[in-house]
Amino acid sequence: MNKKLTIKRVVIFVFFAYLLTTVWNVIFNNILSGNRYYYDDPSSVNPFNNFAGLSMFGPAAAAFITRALTKEGMEHSMLKFNIKNNLKYYIMPFWVLLIYALLNALITPLMAGIPYSMPDKMPEIMLSMVNVAATCLLLIGMYFGEEYGWRGYLYPKLEELMGTGRALIVSGIIWGVWHTSVLVNGHNFGRDIPFFPISNILLMCLMCIFIAPFFTYIAKKTDSVWPAAIAHAFFNNFAGNTGSLFMSAEAVKELPEHKAFINIALFIGLAIMGTVFFIILVKESKESSSKSCETAPKEAA
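All figures in this text were calculated on a predicted structure; none of them were measured in a lab.

Engineer: Outline the nonpolar core, supporting the account with residue identities and numerical values.
Structural biologist: Counting residues in hydrophobic clusters, the biggest one holds 62 residues, and the most contacted among them are Phe 13, Met 207, Phe 214 and Leu 270. Residue assignment for this core shows that the elements contributing at least two residues are helix H1 (3–31), helix H3 (58–69), helix H4 (87–112), helix H6 (140–162), helix H7 (164–178), helix H9 (198–222), helix H10 (226–237) and helix H12 (259–295). What Leu 270 contacts, discounting residues up to four positions off in sequence, is Tyr 100, Met 207, Phe 210, Ile 211 and Phe 235.

Next up, the structure:
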């Protein structure tokens with residue numbers, strides 16, 4: 001491994017990933033929309049928000065630019081689907097995030113002090129969940145923009161430089177800070193939490209550190225970014241929005257008053273999921289290194 005070249009590629013990639021995304025978001029979320037990205041008045045809709053979503057392609061564009069500038073080529077690009085013998089890893093996002101969603105739904109009422117209740121309109125809720133799942137599948141291309149950058153390019157480089165455990169944490173932090181251009185507008189955690197916007201950025205870094213191990217696990221197992229793109233789509237649009245599943249309609253109306261508890265419940269579920277896959281990845285990495293040492297030819301005395 002050429003360590004200096006790898007570091008150079010990481011720096012170039014991070015620079016362009018941050019630059020492209022930030023410039024795009026500032027143009028569409030601030031300049032063109034009149035700073036109406038995160039609006040308190042539902043009637044004040046940002047007409048440019050849909051275009052702003054294309055900033056998710058920033059990391060992928062940065063990866064392609066870095067490969068071109070450093071003459072890396074497209075080796076180990078993780079672009080192939082590799083479904084053969086890996087189907088279980090494509091299915092894994094569905095059941096892992098379903099478990100997480102149910103865990104989130106169980107913890108949220110407990111943290112908010114709201115009694116459990118079966119939803120009033122379960123058939124409608126189930127239909128809505130199916131519709132959201134179908135929408136997630138249609139949005140996979142969008143999430144490829146992030147996953148090709150974070151799991152397909154950045155993480156493998158960091159793993160070469162610092163090992164599995166540290167790479168997972170550092171990649172999560174870089175991924176979290178990348179969201180700054182929308183976090184300062186109140187995205188994800190709002191603008192009314194203490195120490196805004198620093199608190200938003202720190203919370204996003206923590207969230208990304210917890211999420212990164214699972215996305216990385218399925219990407220490494222398949223040598224493909226596509227399972228991670230599927231998981232990313234489902235997490236953003238489905239799994240993270242199920243906290244009110246076991247609440248009555250009246251209780252759901254009280255949720256805005258318990259935003260802090262909702263965030264705590266969200267992070268408890270994420271911490272459990274992240275820890276499990278972090279341990280798995282580190283353990284497998286150590287086992288792989290041990291096997292490599294055992295099979296390496298011994299030097300002549």
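Engineer: Go over H1, please, and point to the residues and values.
Structural biologist: Its 29 residues place the ends of H1 40 Å apart at the C-alpha level, agreeing with the 42 Å of an ideal helix rising 1.5 Å per residue. For H1, the set of buried residues is Thr 6, Arg 9, Val 10, Ile 12, Phe 13, Val 14, Ala 17, Thr 21, Asn 25, Phe 28, Asn 29 and Asn 30.

Engineer: Outline the side chain of Thr 6, listing residues and values.
Structural biologist: The topology assignment puts Thr 6 in helix H1. Of the residues examined, Thr 6 reaches a relative accessible area of 6% and is grouped as buried. Ignoring anything within four residues of it in the chain, the contact list for Thr 6 reads Met 1, Lys 157, Glu 160 and Leu 161.

Engineer: Just give me the short version of the pattern of salt bridges, but keep the residues and values in it.
Structural biologist: Per the counting criterion, the structure on display carries six salt bridges. Here Glu 72 and Arg 67 are joined by a salt bridge, their closest N and O atoms 3.9 Å apart. The pair Glu 72 / Arg 67 is uniform in exposure class, with both members buried. The structure contains a network of salt bridges with shared partners spanning Arg 9, Arg 67, Glu 72 and Lys 157.

Engineer: Tell me about the packing of H4 against H9, and please be specific about residues and values.
Structural biologist: At their nearest, the axes of H4 and H9 sit 10 Å apart, and the two run at 160 degrees to each other. As far as their axial angle goes, H9 and H4 are roughly antiparallel. Here H4 runs over H9; the crossing is right-handed. Packed against H4, whose contacting residues are Tyr 89, Tyr 90, Met 92, Pro 93, Val 96 and Leu 97, the element H9 presents Phe 214, Tyr 217, Ile 218, Lys 221 and Thr 222 at the interface. Here the residues of the contact of H4 with H9 sort into nine nonpolar, one polar and one charged.

Engineer: Describe the packing of H3 against H6, naming the residues involved and giving the relevant values.
Structural biologist: Each pair of packed helices can be described by the angle between their axes along with the distance between the axes. At a minimum axis distance of 6 Å, the contact between H3 and H6 shows a crossing angle of 50 degrees. The angle between H3 and H6 falls in the class oblique. Contacts from Pro 59, Ala 60, Ala 63, Phe 64, Thr 66 and Arg 67 of H3 reach H6 at Phe 144, Gly 145, Glu 146, Tyr 148, Gly 149, Trp 150, Gly 152 and Tyr 153.

Engineer: Would you mind going over the layout of surface pockets in detail, with residue names and values included?
Structural biologist: Taken as a whole, the second largest pocket encloses approximately 420 Å³ of empty space. If you trace the second largest pocket, you find 20 residues lining it, with Glu 75, His 76, Pro 156, Lys 157 and Glu 160 closest to the centre. Of all the secondary structure elements, the ones that give two or more residues to the lining of the second largest pocket are H1, H6 and H9. Residue contributions to the lining of the second largest pocket peak at eight residues, all from H6. Here the lining of the second largest pocket is built from residues that sort into six nonpolar, four polar and ten charged.

Engineer: How would you sum up the state of the cysteines? Please name residues and give values.
Structural biologist: Two cysteines form a disulfide when their sulfur atoms are joined by a covalent bond. One pass over the structure, following the stated rule, counts zero disulfides. Here Cys 208 is not cross-linked by a disulfide; its sulfur's nearest cysteine counterpart is in Cys 205, at 6.8 Å. For Cys 208, a relative accessible area of 1% translates into the label buried.

Engineer: Provide a residue-level description of the environment of His 187, including the pertinent values.
Structural biologist: As for its position among the elements, His 187 is in the loop between helix H8 (180–183) and H9. Linking His 187 and Asn 200, residues 13 residues apart in sequence, is a C-alpha distance of 8.4 Å. At 3.3 Å, the side chain of His 187 and the side chain of Asn 188 are in polar contact.

Engineer: Go over the environment of Tyr 143 with me, naming the residues and quoting the values.
Structural biologist: Tracing the backbone through its elements, the reader meets Tyr 143 in helix H6. For the pair Tyr 143 and Ala 231, spaced 88 residues apart in the sequence, the C-alpha separation amounts to 9.0 Å. Residues within four places of Tyr 143 in sequence aside, it is in contact with Met 56, Ala 229, His 232, Ala 233, Asn 236 and Asn 237.

Engineer: Could you give an account of the packing of aromatic side chains, naming the residues involved and the relevant values?
Structural biologist: With the rule as written, the count across this model stands at 18 aromatic pairs. On the numbers, 6.3 Å between centres and 25 degrees between planes, the contact of Phe 189 with Phe 267 is stacked. Highlighted residues: Phe 189 in the loop between H8 and H9 and Phe 267 in helix H12, separated in sequence by 78 residues. Like Phe 267, Phe 189 is buried.

Engineer: Let's hear about unusual backbone geometry: which residues, and what values?
Structural biologist: Between Phe 196 and the following residue, Pro 197, the backbone shows a cis peptide bond with an omega angle of 5 degrees. In this structure, Pro 197 sits in the loop between H8 and H9. Even without being glycine, Asn 82 reaches a positive phi, approximately 50 degrees. Of note, Asn 82 is situated in the loop between H3 and H4. Of the residues examined, Asn 82 reaches a relative accessible area of 29% and is grouped as partly exposed. One non-glycine residue, Asn 85, lies in positive phi territory at about 65 degrees. Looking at the element boundaries, Asn 85 is found in the loop between H3 and H4. Accessibility expressed as a relative area gives 70% for Asn 85, which makes it exposed.

Basis of the calculations
- Residues numbered from 1 in each chain as written.
- Predicted model: local features only at pLDDT ≥ 70, side-chain atom pairs only at ≥ 80, totals over all residues.
- Heavy atoms only, no water.
- Core = buried A, V, L, I, M, F, W, Y, C linked by side-chain atoms within 4.5 Å.
- Buried < 20%, exposed > 50% of the residue type's maximum accessible area, 1.4 Å probe, protein only.
- Helix = DSSP H or I, 4+ residues; strand = E, 2+ residues; numbered from the N terminus.
- Contact = heavy atoms within 4.5 Å.
- Expected span 1.5 Å × (residues − 1).
- Salt bridge = Lys/Arg side-chain N within 4 Å of Asp/Glu carboxyl O.
- Axes fitted to C-alpha atoms, helices over the stretch in contact; angles between N-to-C directions.
- Parallel < 35°, antiparallel > 145°, perpendicular 65-115°, else oblique.
- Left-handed = near helix turned anticlockwise from the far one by under 90°.
- Nonpolar A, V, L, I, M, F, W, Y, C, P; charged D, E, K, R; others polar.
- 1 Å grid on protein atoms, 1.4 Å probe; cavity = no way out; pocket = protein on both sides within 12 Å on 5 of 7 lines; lining within 4 Å.
- Points joined across faces, edges and corners; volume = space filled by probe spheres on them.
- Disulfide = S-S within 2.5 Å.
- Polar contact = N/O pair within 3.5 Å; in protein donor to acceptor, adjacent residues only side chain to side chain.
- Phe/Tyr/Trp six-rings, centres within 6.5 Å; stacked < 30°, edge-to-face > 60°.

Read these as geometric descriptors, not functional statements.
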